[in-house]
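Geometric and topological summary
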Amino acid sequence: MLVDDNPDDNFFHERIIKKSGAAEVVVTKETGYEALEYLKLQRFEKLAHPQLIFLDINMPGMNGWEFIEEYNKLAPDQQGDHVIVMLTTSKNPDDRQIANKNAKVTDFKSKPLTKEMLEEVIDKYFV
Amino acid sequence: MINLVKKSRAKIVLVISGFAMLTSILVIIGWLFDIKSVLNVVAGGATMKFNTALCFFFSALGIALSFGKKATLKYASIILGFLVLIIGSFSLAEYLFHFQSLLDNFFVTDLLSSAYPGRMSAGTAFCFAMLGLSLIAIHTEQLVVLKTVQHVLTLVVIIAFVSLITFILEIPTVNKVFFINTMALHTSLLFMLLAISLSLKNIHLGFTALIFEDYDGSRLIRKLIPFIVSLSIGLTYILLTVVNNQTINYDFGLVISTVAFVLISIIYISIIGINLNKKDIRWRELQKSLRDTNQELEYYKQALDKSSIVAFTDAKGIITDVNQKFCDISKYDKTEIIGKTHKLINSDFHDRAFFKNLWETIKKGEVWMGDVKNKAKDGSYYWVHTSIVPFKNDTGEIYRYLAIRQDVTKRKEAEEMLASQYVKKLEQKNAELEQFAYIASHDLQEPLRSVTNFVNILVEDYHDKFDEDGAKYLRIISDATERMRNLIKFLLDYSRLGRERKLSLVDCSKILQEAIADLNESINIAEADIEIGNLPTLYVFETEMRQLFQNLISNAIKFQRKDCKPQIKISAQKLNDTWMFSVQDNGIGIAPTHFNRIFQIFQRLHTSREYQGYGIGLPNCKKIVELHGGEIWVESEVDKGSTFNFTIPKLEL
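Here is what the cut-offs are and how they apply
- Residues numbered from 1 in each chain as written.
- Chains lettered and ligands numbered in written order.
- Predicted model: local features only at pLDDT ≥ 70, side-chain atom pairs only at ≥ 80, totals over all residues.
- Heavy atoms only, no water.
- Helix = DSSP H or I, 4+ residues; strand = E, 2+ residues; numbered from the N terminus.
- Buried < 20%, exposed > 50% of the residue type's maximum accessible area, 1.4 Å probe, protein only.
- Contact = heavy atoms within 4.5 Å.
- Areas by Shrake-Rupley, 256 points an atom, 1.4 Å probe, with all protein chains shown as cover.
- 1 Å grid on protein atoms, 1.4 Å probe; cavity = no way out; pocket = protein on both sides within 12 Å on 5 of 7 lines; lining within 4 Å.
- Points joined across faces, edges and corners; volume = space filled by probe spheres on them.
- Pairing = 2+ DSSP bridges.
- Axes fitted to C-alpha atoms, helices over the stretch in contact; angles between N-to-C directions.
- Core = buried A, V, L, I, M, F, W, Y, C linked by side-chain atoms within 4.5 Å.
- Domains from an automatic or database assignment.
- Nonpolar A, V, L, I, M, F, W, Y, C, P; charged D, E, K, R; others polar.
- Patch = residues over 30% accessible without salt bridge, like charges linked within 9 Å, V, L, I, M, F, W, Y side chains within 5 Å.
- Salt bridge = Lys/Arg side-chain N within 4 Å of Asp/Glu carboxyl O.
- Lys, Arg positive; Asp, Glu negative; His and termini not counted.
- Charge placed at Lys NZ, Arg CZ, Asp CG, Glu CD.
- pLDDT = per-residue confidence, 0-100.

Brief notes about the overall build of chain A
A count of helical and extended segments in chain A gives five helices and five strands. Secondary structure elements of chain A occur, N-terminal to C-terminal, as β-α-β-α-β-α-β-α-β-α. Among the 127 residues that make up chain A, the fraction classed as buried is 48%. Long-range contacts, defined here as pairs at least 24 residues apart, represent 64% of the contacts in chain A between residues at least 6 apart. Surface exposure of chain A reaches about 6700 Å², of which carbon and sulfur atoms provide 50%.

Structure, rendered in structure tokens:
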């Protein structure tokens, strides 16, 4: 699952994931609200359960951190397996500090997602 | 006047007594060898007797000795006084009790005088008795006696003077006043001179004082006595002469003489009066101007008291007087302040150097001015604009200080508030600017990333569909976006520089070694030779400081000349409270016109083809040095090399 307000980024990341063949389904959501909606409804509407969520921080309306706050309130089976926070800039100590404090965040990476980065994540959490 | 006479009186007395002794010796010789002209000077006049001459000799010697300082001289003069007293009073006794003794012709036999041969006249005897008595009594320290002596001497002068007048006016011997009837001319003269001499010893007492003092009355006496005496004697002498010559008759002469006396007296006294009046007028003018000045000063003082806080201190700074305003503002009672120093109201706001400078200034005799924060009795603070004026006496010594103060508390508070407002505003602006740079660069990243991403997609998926030109354009877009990405990154780094800074005590040699280690690869490639001097241990922002060294060294390597290998010298020297570091290279150098430009962000002197770079290294260095409160500058010559100097002040935690 990709949560990012930038459709260009979503397109690019989806393409990387699809090309690598790592995921059966890629769900893209452009706001935190939509993403939460999806997570809440997935069981009733038999939607695909996201094992890996790539979350953008810098979003209008609900930003990444606010999303995580809401996400934490969901029932465990509504949540995804891993949340990877995508940071806009690699050297952004402020964001990194907040990410370190949040236990629900599995990892954080810098944009853009590359083939190598994806392989590394899959090796680390799914193999 | 009195001081002038006092200074030279010893000389005067010596001359007079010498003259008297000489005269008396002449007379003695005259008696012994029968030289008549010496004995009576005026033909037919009275003769000076042998005993008289002897007494004059003793008296003159005694008077001269009495001015000596040694005790023996004093006793000798007293003995001489006794001899004179005995001879004088014995002769006088002969007259009073009608007897004749051996004394009259004891030394020589007087064959010249018709009445009482060999015996001095009654007046002479009396005068000697008085003179002898004075010579004895003058050595006492009792004021009453000394005053009496002065009066007695005055009496002698008067008697001698009267006798002198009789000679001047040529009164025939038979008509002479009984008492002085046979006093010789030189006898009277010597009496006058000797009596005056002796009276000079106690010049501050009696009639001499009256004559010689520096007051208007004494001056008047000095002017009038010689005038009156000489005028009256002169007029009488002329009158007698013309009457005797039978030029005019006696009655007419007397009238003329009287009229002349009155007229001359009036003119002379009027001249004296005019001068006195002039003096009086001048004196009154002075008095008035003094009064006016005093009055004016009083007004100034009142104005000062009303408008300012005033304090007087002595030369040591102990407060001797304060005005009401001082008490009002300091809230101390006057009695609590006087006798203390200004430490009483010290606020501890100013350091020692401040007060040291103050004292150095006023001790030099100069006025000190400045703003001082003081503390009142209730602990509240107040600011005063202070002027301290030293007062000097005739010898230039400072004997008192006057401190005039104005209450400037309100102004100071306003200034402080304004300053703190400025600081707040500045801090706010700085934070805003930092935030702006951060957000701007942050948000610029996103579209740029999209460009990069989609160029990559094009390259990956469509590379075979592009011709050579198309592939070249793609590469140019890719390079340009890469460069833009770096620029944004550096801008972000620059704006974030020192945000997390932490001051710690660090050995600069250690940081430098770390920086060199990081640059190891490029140093080896360039075969650079780095020479390091002694570097201090200072409080610095460690990370930033390391970056500073790194930037400067990598610049020194980067901008090397093609024909030689980089030689870099790093050193530090202490300048008062700061350390100056220097990084010297032998590279391409910089033209002086660019000395400032190189420190501005994104300013470059060379094309990317010549030397790669973004124009970020030196601006970073500048910012780091300024974070430490120091300065950075360059000294350079094209093709010779550059030296980058920067200062790091002594910082504390």
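Things to note about empty space enclosed by the protein
If you roll a probe as big as a water molecule over the atoms, it shows you where there is empty space left. Residue and element names in this part refer to chain A. Enumeration over the complete set of coordinates arrives at three cavities of 30 Å³ or more. Space inside the largest cavity adds up to approximately 50 Å³. Surrounding the largest cavity, L2, V3, D4, N10, H13, F54, L55, D56, M86 and K111 form its lining. Looking at the lining of the largest cavity, the elements that each hand over two or more residues are β1 (2–3), α1 (7–20) and β3 (52–56). Ranked by residues supplied to the lining of the largest cavity, first place goes to β3 with three residues.

Brief notes about the sheet that holds strand β5 (residues 398–407) of chain B
Sheet strands associate in pairs through backbone hydrogen bonding, adopting either a parallel or an antiparallel arrangement. Residue and element names in this part refer to chain B. Taking strand neighbours across the sheet as the criterion, the five strands line up as β2-β1-β5-β4-β3 in an open arrangement whose pairing is antiparallel. Each of the sheet's edge strands pairs with one partner strand only, and the pair in question is β2 (319–322) and β3 (368–375). Between one strand axis and the next, the sheet turns through 30° on average, direction left out of account. When β3 meets strand β4 (residues 381–392), the two strands line up antiparallel, connected through eight bridges. The partner of G370 across the bridge, within β4, is T386. Running at roughly 125° to β4, helix α14 (residues 409–462) makes contact with β3, β4 and β5 of the sheet.

Regarding the nonpolar core
Residues and elements named next belong to chain B. Formed by 54 residues in total, the largest nonpolar core has its most connected members in M48, F56, F128, F191 and L194. Among the secondary structure elements, those contributing two or more residues to this core are α1 (2–33), α3 (50–66), α4 (71–96), α5 (122–137), α6 (143–168) and α7 (185–199). For this core, the element with the highest residue contribution is α6, accounting for nine residues. In contact with L194, other than residues within four places in its own chain, are I16, S17, A20, F56, S59, A60, I63 and L131. Grouped together as the second largest cluster of nonpolar side chains are 39 residues, C508, L512, F549 and I553 included.

Here's the deal with the environment of B:H98
Residues and elements named next belong to chain B. By secondary structure assignment, the location of H98 is in the loop between α4 and α5. Residue H98 is classed as exposed on the basis of its relative accessible area of 69%. Expressed as a C-alpha distance, the spacing of H98 and K622, which sit 524 residues apart in the sequence, is 130 Å.

Observations concerning the domain arrangement of chain B
Split by domain assignment, chain B resolves into domain 1 (2–214), domain 2 (216–305), domain 3 (308–407), domain 4 (414–496) and domain 5 (503–649). Using C-alpha coordinates to define each centre, domain 2 of chain B is positioned 56 Å away from domain 3 of chain B.

What about the side chain of B:N51?
The topology assignment puts B:N51 in helix α3. The residues touching B:N51, leaving out its near neighbours within four places in the chain, are B:L103, B:D104, B:F107, B:G118 and B:M120.

Concerning the layout of surface pockets
Residues and elements named next belong to chain B. If you add up the space inside the largest pocket, you get close to 1200 Å³. Taken together, 47 residues line the largest pocket, and the ones lying closest to its centre are Q547, N551, I616, G617 and N620. For the lining of the largest pocket, the secondary-structure elements that each account for two or more residues are α15 (468–496), α18 (542–558), α19 (617–627) and β12 (641–649). Of all the elements, α18 adds the most residues to the lining of the largest pocket, at eleven residues. Looking at the lining of the largest pocket residue by residue, the class counts come to 17 nonpolar, 18 polar and twelve charged. A domain-level breakdown of the lining of the largest pocket finds at least three residues from each of domain 4 (414–496) and domain 5 (503–649).

Points about a nonpolar patch on the surface
Where nonpolar side chains cluster on the molecular surface, the patch consists of B:I25, B:I29, B:L32, B:F33 and B:I35 and spans about 460 Å² of accessible area. Here B:I29 lies in helix α1.

Things to note about a negative patch on the surface
Together, A:E30, A:E34, A:E37 and A:E45 line one region of the surface with negative charge. Position of A:E30 relative to the elements: it lies in the loop between β2 (28–29) and α2 (32–41).

Remarks on the pairing of strand β1 (residues 309–314) of chain B
Residue and element names in this part refer to chain B. Counting buried positions along β1 gives five out of six residues, so the element sits mostly inside the fold. Relative to β5, β1 is paired through six bridges, and the arrangement is antiparallel. From the neighbouring strand, A311 faces β5, where its bridge partner is A403. With three bridges connecting them, β1 and β2 associate as antiparallel partners. In the strand pairing of β2, F312 is matched with D321. In this antiparallel pair of consecutive strands, β1 and β2, the connection spans four residues, and G317 shows a positive phi of 95°.

Digging into the confidence of the model for chain A
Of the residues in chain A, 87% reach a pLDDT of 70 or more, and the chain-wide mean stands at 82. Looking over chain A, one finds the lowest element-wise mean pLDDT in helix α4 (residues 93–101) of chain A, namely 61, and the highest in β2(A), namely 92.

Describing the sheet that holds β12(B)
All names here are of chain B. What the five strands build is an open sheet, ordered β7-β9-β10-β12-β11; its pairing is mixed. Edge strands, defined here as strands with exactly one partner in the open sheet, are β7 (529–532) and β11 (632–637). Taken pair by pair, the neighbouring strands of this sheet meet at an average axis angle of 15°, ignoring direction. Judged from the seven bridges that link them, strand β9 (residues 567–575) and strand β10 (residues 578–584) form a sheet pairing that is antiparallel. Opposite S571, over in β10, you have S582 as the bridge partner. Running at roughly 170° to β7, helix α16 (residues 508–518) makes contact with β7, β9 and β10 of the sheet. In the packing of α18 onto the sheet, contacts are made with β7, β9, β10 and β12, and the angle to β12 comes to roughly 170°.

Describing the pattern of salt bridges
With the rule as written, the count across this model stands at 36 salt bridges over all chains. Its salt-bridge partner being B:D461, residue A:K19 comes within 3.1 Å of it at the nearest N-O pair. Of the two residues, A:K19 is situated in helix α1 and B:D461 in helix α14; the pairing between them involves two chains. Classification of B:D461 as partly exposed rests on a relative accessible area of 30%. Notably, a salt bridge pairs A:E70 with A:K73, separated by 3.3 Å at the nearest N-O pair. Salt bridges sharing common partners tie together A:D4, A:D9, A:D56, A:K111 and B:R449.

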